[in-house]
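# Structural overview
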Amino acid sequence: MGIMSKILSGGDNHTTEDYVELDLDDFDTARGEAGMSVRIATIGDKQDVVSIKDAVYDGDLVIADITRHTTSDSTMEHIVDDLRQVAEEVDGDIVQKGDDQIIITPTGVAVSREKLS
């Protein structure tokens, strides 16, 4: 299973303890400053949307866990509308993956709707 499949896998509940911080000094890398970060968020209520908006406006991609809400929840509908507006404002993209995740991208980043083979 690839790394993105593990990150985006549905049905599993993940916590910050599931991720391992790697020390890049252990690797021979010649990379510069990253232009974009992938941020992980959990949407529990409307207040969580503020930090997600800020991250997208700052140029980061956000993968948000929405398992605390159902897709028919009126609060969730408002949250998705707010995030859709942000994606449109920055000329980014927004997709919902299953019933548990929303991916919001910054300017110039699109999410393909086709799965890799």
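- Per an unreviewed UniProt entry, the protein goes by Cell division protein SepF and derives from Halogeometricum borinquense.

## Examining the environment of Leu61
- Looking at the secondary structure, you find Leu61 in strand β2 (residues 61–65).
- Its relative accessible area of 14% is what places Leu61 among the buried residues.
- In this structure the C-alpha to C-alpha distance between Leu61 and Asp93, which are 32 residues apart in sequence, comes to 9.5 Å.

## A word on the sheet that holds strand β3 (residues 93–97)
- Here four strands make up an open sheet; going across it, the order is β1-β2-β4-β3 and the pairing mixed. Since the sheet does not close on itself, it has two edges, and those belong to β1 (38–42) and β3, each with one partner. Neighbour-to-neighbour, the strand axes of the sheet open up by a mean angle of 15°, direction not taken into account.
- In this sheet, strand β4 (residues 101–105) lies alongside β2 in antiparallel orientation, the contact comprising four bridges. In the strand pairing of β4, Asp65 is matched with Gln101.
- On the sheet, helix α2 (residues 48–57) packs against β1, β2 and β4 and is oriented at approximately 160° with respect to β2.

What counts, and where the lines are drawn
- Residues numbered from 1 in each chain as written.
- Predicted model: local features only at pLDDT ≥ 70, side-chain atom pairs only at ≥ 80, totals over all residues.
- Heavy atoms only, no water.
- Helix = DSSP H or I, 4+ residues; strand = E, 2+ residues; numbered from the N terminus.
- Buried < 20%, exposed > 50% of the residue type's maximum accessible area, 1.4 Å probe, protein only.
- Pairing = 2+ DSSP bridges.
- Axes fitted to C-alpha atoms, helices over the stretch in contact; angles between N-to-C directions.
- Contact = heavy atoms within 4.5 Å.

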